[in-house]
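Residue-level structural notes
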Amino acid sequence: MRKKIIAANWKMNKDVKETTEFFDAFLNGMKSVDNPAEVVVCPPSIGLHAAAKALQGSAVKLGAQNVHYEDDGAYTGEVSARMLKSLGVDYVIVGHSERRQYFGEVDEVVAKKVKKVLSSDLRVILCIGETLAERDGGVTEKVLERQIKADLEGLTKEQLAFIVIAYEPIWAIGTGRNATPQQAEEAHAFIRKTVAGMFGNEAADALTIQYGGSVKPGNAGELLSQPDVDGALVGGASLKPDSFVDIIKSSPAATKG
Ligand code: PGA
């Protein structure tokens with residue numbers, strides 16, 4: 001059994017007041033969810049403190065969207081894993097395609113961040129995924145394999161237990177065009193196979209693989225019922241408390257395996 005993990009990636013949305021308002025409504029809505037999957041909310045750094053306060057005593061976990069790979073120093077504008085840990089953060093999204101695309105984050109940097117997050121006793125949500133041109137060109141598996149190998153290089157299988165992989169086809173992010181459940185399942189099965197090749201079957205079987213890209217209440221149930229889809233990373237549809245609660249409600253608590 002793999003516990004499902006449903007995570008909200010707010011991206012650059014919501015100020016402090018909006019963050020507090022979200023949690024008032026969201027935590028109220030969560031009262032109607034029984035036997036939920038693990039739930040993680042990742043606000044922008046500026047909202048983490050307010051979110052941590054709102055989540056005191058709640059089972060909902062706090063996540064950050066980015067991190068630097070050094071503990072401290074002359075890195076203007078950056079935030080370290082140690083700082084995130086001190087705020088009560090549990091998860092850090094690493095290697096989101098928007099970071100790769102707009103901020104020049106290459107696999108070498110992603111791999112350093114993964115290692116730093118793990119050595120800071122935090123969990124990683126590692127994002128990988130292909131562009132539309134890569135999918136159309138028939139190289140999806142090649143791209144995924146390259147990212148997995150580069151981003152997880154040098155880790156032990158004990159460390160893998162603290163990693164969640166989010167499969168996020170770039171053509172599905174923010175476009176309203178989600179991968180079909182079959183496309184998601186195929187990619188997830190391939191990711192698991194590749195991870196098994198690096199860390200062994202047992203570690204790969206225990207790995208949570210989320211799907212991300214235009215997940216909404218109307219498609220979450222079907223995507224989350226695929227045998228290798230162990231959760232969702234939700235952008236736009238996580239910004240409204242009701243729609244995020246509906247997505248959580250449509251998820252089984254765990255993947256049978
Ligand atoms: P989306 O974003 O749900 O708005 O498509 C998902 C993501 O980028 O994590």
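Some thoughts on the overall build of the protein
Secondary structure summary: the protein contains 12 helices and 10 strands in total. Over its C-alpha trace the protein gives a radius of gyration of 17 Å, about what one expects of a compact globule, namely 18 Å for 257 residues. Counting only C-alpha atoms and orienting by the principal axes, one finds that the protein spans roughly 45 × 45 × 35 Å. In the protein, buried positions account for 52% of the 257 residues. For the protein, long-range pairs separated by at least 24 residues make up 72% of all intrachain contacts whose partners lie at least 6 apart in sequence. For the protein, the computed accessible surface area is about 11700 Å², with 51% contributed by carbon and sulfur atoms.

Observations regarding the site of the ligand
Every one of the 13 residues lining the ligand counts as a neighbour, but Lys11, His96, Glu168, Gly174 and Ser214 are closest to it. Between Asn9 and the ligand, the recorded distance is 3.4 Å, taken from a side-chain N or O atom to an oxygen atom. Bound to the protein, the ligand loses 95% of the 280 Å² it would expose on its own.

Describing the packing of helix H11 (residues 217-224) against helix H12 (residues 241-249)
One can describe the packing of H11 onto H12 by two numbers: an axis separation of 8 Å at closest approach and a directional angle of 20°. Put simply, H11 runs roughly parallel to H12. The two elements H11 and H12 meet at a crossing, and its hand is right-handed. For the pair formed by H11 and H12, the contact residues are Pro217, Ala220 and Leu224 on the first element and Ser243, Asp246 and Ile247 on the second. Along the lines of polarity and charge, the residues of the contact of H11 with H12 split into 4 nonpolar, 1 polar and 1 charged.

Here's the deal with helix H1 (residues 16-30)
Over its 15 residues, H1 runs 21 Å from end to end, which matches the ideal 21 Å to within 8%, given 1.5 Å per residue. Taken residue by residue, H1 has Thr19, Phe22, Phe23, Phe26 and Met30 as its buried positions. The buried residues of H1 occupy an angular sector of 100° when projected down its axis, which confines them to one face. Facing away from the buried surface of H1 by more than 90 degrees, the exposed residues are Lys17 and Asp24. Its buried side turned inward, H1 meets strand E3 (38-42), helix H2 (48-54) and H12. One side-chain oxygen at the N-terminal end of H1 lies 3.2 Å from the backbone nitrogen of Lys17; it belongs to Asp15.

Side note on the side chain of Thr194
Among the structural elements, Thr194 can be located in helix H9 (residues 181-199). A residue is classified by how much of its surface remains accessible, and Thr194, at 9% relative accessible area, is buried. A distance of 2.8 Å separates the side chain of Thr194 from the backbone oxygen of Phe190, its partner in a polar contact. In contact with Thr194, not counting residues within four places along its chain, are Glu145 and Ile148.

Description of the pairing of strand E9 (residues 231-234)
The alternating pattern of E9 places Gly231 and Leu233 and Ala232 and Val234 on opposite faces, both of which are buried. Looking at chain direction, strand E2 (residues 5-9) and E9 are connected through 4 bridges and run parallel. Within E9, the residue paired with Ala8 across the bridge is Val234. For strand E8 (residues 208-212) and E9, the ladder comprises 2 bridges, and the chain directions are parallel.

Description of the environment of Leu224
On the secondary structure map, Leu224 appears in helix H11. With 13 residues separating them in the primary sequence, Leu224 and Tyr211 have C-alpha atoms 8.2 Å apart. Ignoring sequence-local partners within four residues, the contact set of Leu224 consists of Lys4, Ile6, Val229, Gly231, Ala232, Ile247, Ser251 and Pro252.

What about the packing of helix H7 (residues 140-151) against H9?
Put simply, H7 and H9 touch, their axes get as near as 10 Å, and they point 40° apart. When the interaxial angle is binned, H7 and H9 end up oblique. Seen along the crossing, H7 lies across H9 with a hand that is right-handed. In this structure, H7 contributes Glu141, Leu144, Glu145, Ile148 and Lys149 to the contact, and H9 contributes Ala187, Phe190, Ile191, Thr194, Val195 and Met198. Tallied by class, residues from the contact of H7 with H9 come to 7 nonpolar, 1 polar and 3 charged.

Calculation rules
- Residues numbered from 1 in each chain as written.
- Predicted model: local features only at pLDDT ≥ 70, side-chain atom pairs only at ≥ 80, totals over all residues.
- Heavy atoms only, no water.
- Helix = DSSP H or I, 4+ residues; strand = E, 2+ residues; numbered from the N terminus.
- Rg over C-alpha atoms; globule rule 2.2 N^0.38 Å.
- Buried < 20%, exposed > 50% of the residue type's maximum accessible area, 1.4 Å probe, protein only.
- Contact = heavy atoms within 4.5 Å.
- Areas by Shrake-Rupley, 256 points an atom, 1.4 Å probe, with all protein chains shown as cover.
- Near = heavy atom within 4 Å.
- Polar contact = N/O pair within 3.5 Å; in protein donor to acceptor, adjacent residues only side chain to side chain.
- Axes fitted to C-alpha atoms, helices over the stretch in contact; angles between N-to-C directions.
- Parallel < 35°, antiparallel > 145°, perpendicular 65-115°, else oblique.
- Left-handed = near helix turned anticlockwise from the far one by under 90°.
- Nonpolar A, V, L, I, M, F, W, Y, C, P; charged D, E, K, R; others polar.
- Expected span 1.5 Å × (residues − 1).
- Arc of directions from axis to C-beta.
- Pairing = 2+ DSSP bridges.

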